[in-house]
Amino acid sequence: MGTEPRECVPEHPVRQRRARRLFRRGGSDRRPGALEWLPLVLLTLAVLAGAALWFAGAGGAAQLVWAAVTLVALLPAVWTTLRQLWRRQFGVDVIAVLALVGALLVREYLAGAVIAVMVATGQALENYAQRRATRDLRALLERAPRQARRRTTDGRIEVVPLDRVAVGDRLVVGPGDVVPVDGTVEAAATLDESVVTGESQLVSRAAGEPVASGVVNAGAGFGLRATKSAAESTYAGIVRLAEEATARKAPMVRLADRYAAAFVPFTLLLAGLAWLLSGQFVRAVAVLVVATPCPLLLATPIAIVSGLSRVARRGVLVRDGGSLELLGRARTLLLDKTGTLTAGRPRAAETVVAPGGDRDELLRLAASVEQLSPHVLAAALVRQAREQGLALTEPTEVTEEPGRGVTGRVDGRLVRVGQLAGEPPDWAHRIRERAELAGRSTVWVSDERGPLGAILLEDPVRPDARRTVRRLREAGLDRLVMVTGDRRRTAEQVAGIVGVDDVIAQCSPEEKVARVRAESDRAVTVMVGDGVNDAPALAAAHVGVAMGATGATASADVADAVLTVDRLDRLADAVEIARYARRIAVQSAAVGMGLAVLAMLVAAVGKLPPVAGAFLQEGIDVLVILNALRALGGGLRRRDVPPQTRALLDRYAGEHGGVRDVLDRLRDTADLVATDPEAAECLPALRDVHRRLVEQVLPHEAAEDRQLYPALAGPLGSAEATSTMSRAHVEISRLVDRIGGHLAQHQDDRLGRDEVPDLLAALYGLDAVLRLHLAQEEEDFFSLSPGDGQPDTR
C-alpha cells in the first residue's frame, strides 16, 4: 500500500449527493476545468474571426458573425433572467439582456459581441475563482472515509461500512489510510494531521493517546480503539461545517444583490434620460453596455469564499460567509477561561515533600494509587508520572471515598491520596498557604505515619494566549473580556497574565448569556468557549467560536466557527484573514461600481460609443475580480517560522521540563534554608542544587544564546527582540555564581547565621528570575512553533 491518502467519498450517500449539489451551486462541479473555459474560447474565436473578415474587406460577413455571437449569448441570458424573475429575484442580468438587445436593435453588433465575451469571461472567472477558493473545503468532502477495517473476536480483519463502527471496536489503520473514527492508538503511530489541524509536520502519537478521525497514517499500520461513532467523530463535524460553509451566502453578498436591485433602476433611468434628452437611442445602448457588471458583483462572494478557504487551511472551520464577514467587523471579544485561555486540564505544577522526602517517589506512590480512579485529577497525576518515566506499581486494596480521596496499597505500603486528615504539621501549613496564594489545587499524599507531601495542580495558561491577545488588539478588537465560573482570585491571575480588559468571575451560564447579549447590543461581539456550559453563550453571540479540538460537542454544534487545532493563536489568524477578506470585498465592489458609474455618465453625454464602452467595461470587470482574488493571500501579521528554527524551538521547549525540575529543587532548598538553616542537610542540598544549575541550566541558557536567539531574529523582526532575554541569561548566571561563591568560602558543615540573608536573596531571586524567564520564552518564542504539544509547565 502507498503512503498517499486513499480516494474516499463522504460516508453517507445522502450527504454525498447533498455535498455535490452544494458545490455545483458554488460553480465548482466536477467538469474538467478546460470545459468551463470552452464557451469563452469559442466566443472569443468567433469575435476574432469576425475581425479577420472585417480587415479582409468582408464587412458584411463580419457583422453577421458578430450578430450571431450576440444572439448566442442573448438566448441563455434571457432564459436566466426569466428564471430569476419567476423566483422574484431581480439582478443585474437584466442589464446584460437589455444591452444585448439594444446592440442588436442599433446594429452595434461588435459591441454586442464584446458584451457576449464579457459575460462569458465573468462566468469563467467565477467558476475558476470559486473552484480555487473552495478547493480546501471540497478536499474535506472528497477524502471523508467510507469504510473501516475492524478486528473480530477471532482475530480476523473485516471491512465494514463506517456507520457500523461502534464505540469500543478495535480497528486497523493501514499505511496511507485515513483514520475512520476518533479513537486511541494501541501502538505508536506517525500521522499527517494537516487536514484536521492545518499543520504540515508529521506528528507521533504514543500508545493510549487520542487520535482524531480524518488524519492520515503516514507510517506503519497500527491498531485503533474507537472512542466515538463515525457520526460523532471529529471529521464528520468538519464535513458538516464544510457543507454549511458552501451552502450559505454572506450578508455582504445579499447586500450586493440588494444594491443591484437599486442599481438597475438607476441604470434604466440614466439610459432613458440620455435617449430622451439627445434623441439618440445609441446613447442609451452605450449606457447599458458599460453598466453590465455581471462579474463585477461577483467580487464580493469571491473574496468572502476565498477567506473561508484560507481560514480552513489554518485549522478554523467557519460555517458560512456571513459569520466570516461578522468576524471581520467584530470589535468585542469574550473568552471563557478554562480550556480557552488555559489548557483545560490540570497539570502537576509542583511536588512538595516533607523534610527529607523524595519528590519522584511521592509522585510514583500517588500515581500508582490513582491508576484506577476516573477522576480528572487522578488522570493528571498518572499522566505526569508517565511523562517523567516513573515505573508505576499496580495497587491493591483500592477504595475510593467520593470527595475525600483514594486509598490503596503500593508495594505493601498503605497510601492515601486526596484530602489531609487530622491536624497538619508546620511544613504542611506553608504548602497550603502557598497553594491558596497561587490559586492551585492541593492533593495530599500520606501513609500510615502521616503526610508525605503534596502535589500542587494548576490549569496552566496557554503559552500562546498572551501573544494571541496582542494580535487580536492589533487586528482591531478594542475590548477583550474574560468570563469564567472560577474564583475571582484565580480569574484575576489569569487575566493579568494574558492582558484582557475586564474579568467577570463566578459567572453562571445564564450570566454568561446575559453578558454576551449586553456586549452585543454595543458592538459586533465574538464569544470563544469550549465546554457544554458555554454553548448558550456561543449561540447568543454574533459569532460563536468553539475550541473544537478539546471542547464539548454541544459547544461545537451551536458555534459559528470551530478551531480544529488546539491552538488559540489560530483565532487571531482567522480574525486577521476575515478583516482582510472583507476589506478586499468592499474595495473591489466600491472601486468597480465607481468606475462603472463614471463610464455610464460619459456614455450618457455621447462621449463613449457602445463598442468602446464594451471593451472598457470588460477591463473594469476583469480588474475587479482579479483584485478580489487577492483575498486568497495576505493579511496575516505573523511571520512564518523556517523549519530549522521550528526544530530549535521544539528542542529547547522540551528541555524546559528538566529546567523546571531543577527549579523545584531550588525552591525546596531555599525553603529549607529559610526554616532551618542550621540543619545538617542544608549544605548537601545547596551543593546538589548548585551542581544541577551548573550542569543543566547554564548550558541550556548558553546554547539558547548561541543557536536559538539568532535564529529568531527573522521571525521576530530583528535581533533586538531577544536582547532582554539574553540579559536575563546574564542575571541567571550571576545569581548561580553568587550561590557558588557562598559554597566555595564555606569550610564547616553548617551555615552561619550571617550568610543566610544573602544566600536566601540569591536562592529566591534566582527562583523568581528563572521562572519568569521560562514563562516569557514559552509565551513569546515557543508559541511561534506550530507543533501541537505544549511546553512542559510543571
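Since we're looking at a predicted model, the values are computed, not measured.

### Re the pairing of strand S21 (residues 543-546)
Reasoning step 1: In S21, alternate side chains face the same way, and those of Val543 and Val545 on one face and Gly544 and Ala546 on the other are all buried.
Reasoning step 2: As paired elements, strand S20 (residues 525-529) and S21 share four bridges and run parallel to each other. When the bridges of S21 are listed, methionine 527 appears paired with glycine 544.
Reasoning step 3: Bridge analysis of S21 against strand S22 (residues 561-563) gives two bridges, and the strand direction is parallel. Across the sheet, valine 545 pairs through a bridge with alanine 561, a residue of S22.

### Topic: a nonpolar patch on the surface
Reasoning step 1: Together, Leu38, Val41, Leu42, Leu45 and Leu48 give the surface a local cluster of nonpolar side chains, amounting to about 460 Å² of exposed area.
Reasoning step 2: Within the secondary structure, leucine 38 sits in helix H2 (residues 33-55).
Reasoning step 3: Leucine 38 sits in the partly exposed class, given a relative accessible area of 38%.

### Points about the packing of helix H24 (residues 643-675) against helix H25 (residues 682-711)
Reasoning step 1: Closest axis-to-axis distance for the H24/H25 pair is 9 Å, and the angle between their directions is 155 degrees. With respect to H25, the axis of H24 lies roughly antiparallel. Seen from above, H24 lies across H25 with left-handed handedness.
Reasoning step 2: By residue class, the composition of the contact of H24 with H25 is 17 nonpolar, seven polar and five charged.

### Thoughts on the side chain of glutamate 325
Reasoning step 1: Note on placement: glutamate 325 falls in helix H12 (residues 321-329).
Reasoning step 2: Given a relative accessible area of 4%, glutamate 325 falls into the buried group.
Reasoning step 3: At 3.0 Å, the side chain of glutamate 325 and the side chain of arginine 582 are in polar contact.

### Quick look at the nonpolar core
Reasoning step 1: If you look at the biggest cluster of nonpolar residues, it comprises 43 residues, and the most contacted ones within it are Ile115, Val287 and Met600.
Reasoning step 2: Elements that contribute at least two residues to this core include exactly H2, helix H3 (59-86), helix H4 (93-105), helix H5 (109-133), helix H9 (251-278), helix H10 (281-290) and helix H22 (569-604).
Reasoning step 3: Among the elements that line this core, the one with the most residues is H5, at nine residues.
Reasoning step 4: Leaving out residues up to four positions away in the same chain, valine 287 has contacts with Thr267, Leu270, Ala271, Ala274, Met600, Ala603 and Ala604.
Reasoning step 5: Counting residues in hydrophobic clusters, the runner-up holds 41 residues, among them Ala475, Ala495, Val543 and Val575.

### Observations concerning the confidence of the model for the chain
Close inspection of predicted coordinates is inappropriate in any region flagged by low pLDDT.
Reasoning step 1: Taken over all residues, the pLDDT of the chain has a mean of 79, while the share at 70 or more is 83%.
Reasoning step 2: Counting interchain partners and residues more than four positions distant, the pLDDT-below-50 stretch residues 1-32 has 64 contacts.
Reasoning step 3: Below a pLDDT of 50 lies the segment residues 787-794, which in the model reaches 30 contacts outside its immediate sequence neighbourhood of four places, other chains included.

### Some points on the pairing of strand S14 (residues 405-410)
Reasoning step 1: Burial runs high along S14: five of the six residues are buried.
Reasoning step 2: Here four bridges tie strand S13 (residues 396-401) to S14, and the two strands are oriented antiparallel to one another. Bridge pairing in S14 places glutamate 401 opposite glycine 405.
Reasoning step 3: Sheet topology note: the S14/strand S15 (residues 413-418) ladder contains six bridges and is antiparallel. When the bridges of S15 are listed, arginine 409 appears paired with leucine 414.
Reasoning step 4: Between the end of S14 and the start of S15, which pair antiparallel, lie two residues, with aspartate 411 showing a positive phi angle near 55 degrees.

### Here's the deal with the sheet that holds strand S17 (residues 450-458)
Reasoning step 1: Judged by pairing direction, the sheet is antiparallel, and its six strands sit side by side in the order S12-S17-S16-S15-S14-S13 without closing on themselves. Pairing within the sheet leaves two strands with one partner each, and these edge strands are strand S12 (347-353) and S13. Strand-to-strand twist in this sheet, taken as the mean axis angle between neighbours without regard to direction, amounts to 20 degrees.
Reasoning step 2: Judged from the six bridges that link them, S12 and S17 form a sheet pairing that is antiparallel. Counterpart to alanine 348 in the pairing with S17 is leucine 457.

### Description of the packing of H24 against helix H28 (residues 756-780)
Reasoning step 1: One way to put it is that H24 packs onto H28 with a least axis distance of 10 Å and a crossing angle of 155 degrees. Taken together, H24 and H28 sit at an angle that is classed as roughly antiparallel. The handedness of the crossing between H24 and H28 comes out as left-handed. The residues of H28 that touch H24, namely those facing His656, Val659, Arg660, Leu663, Asp664, Leu666, Arg667, Ala670, Asp671, Val673 and Ala674, are Val756, Leu760, Leu763, Tyr764, Leu766, Asp767, Leu770, Arg771, Leu774, Ala775, Glu777 and Glu778.
Reasoning step 2: A class-by-class count of the residues in the contact of H24 with H28 yields 14 nonpolar, one polar and eight charged.

### Side note on helix H14 (residues 359-370)
Since there are 3.6 residues in each turn of an α-helix, residues three or four apart along the chain are aligned in direction.
Reasoning step 1: Here H14 is twelve residues long and its end C-alpha atoms lie 17 Å apart, about the 16 Å a rise of 1.5 Å per residue gives.
Reasoning step 2: Of all twelve residues making up H14, ten are buried, and the element is well covered by its neighbours.
Reasoning step 3: Within the sequence span of H14, burial applies to Arg359, Leu362, Leu363, Arg364, Leu365, Ala366, Ala367, Ser368, Val369 and Glu370.
Reasoning step 4: The N-capping residue of H14, defined by a side-chain oxygen 3.1 Å from the backbone nitrogen of aspartate 360, is aspartate 358.

The rules behind each value
- Residues numbered from 1 in each chain as written.
- Predicted model: local features only at pLDDT ≥ 70, side-chain atom pairs only at ≥ 80, totals over all residues.
- Heavy atoms only, no water.
- Buried < 20%, exposed > 50% of the residue type's maximum accessible area, 1.4 Å probe, protein only.
- Helix = DSSP H or I, 4+ residues; strand = E, 2+ residues; numbered from the N terminus.
- Pairing = 2+ DSSP bridges.
- Patch = residues over 30% accessible without salt bridge, like charges linked within 9 Å, V, L, I, M, F, W, Y side chains within 5 Å.
- Areas by Shrake-Rupley, 256 points an atom, 1.4 Å probe, with all protein chains shown as cover.
- Salt bridge = Lys/Arg side-chain N within 4 Å of Asp/Glu carboxyl O.
- Axes fitted to C-alpha atoms, helices over the stretch in contact; angles between N-to-C directions.
- Parallel < 35°, antiparallel > 145°, perpendicular 65-115°, else oblique.
- Left-handed = near helix turned anticlockwise from the far one by under 90°.
- Nonpolar A, V, L, I, M, F, W, Y, C, P; charged D, E, K, R; others polar.
- Polar contact = N/O pair within 3.5 Å; in protein donor to acceptor, adjacent residues only side chain to side chain.
- Core = buried A, V, L, I, M, F, W, Y, C linked by side-chain atoms within 4.5 Å.
- Contact = heavy atoms within 4.5 Å.
- pLDDT = per-residue confidence, 0-100.
- Expected span 1.5 Å × (residues − 1).

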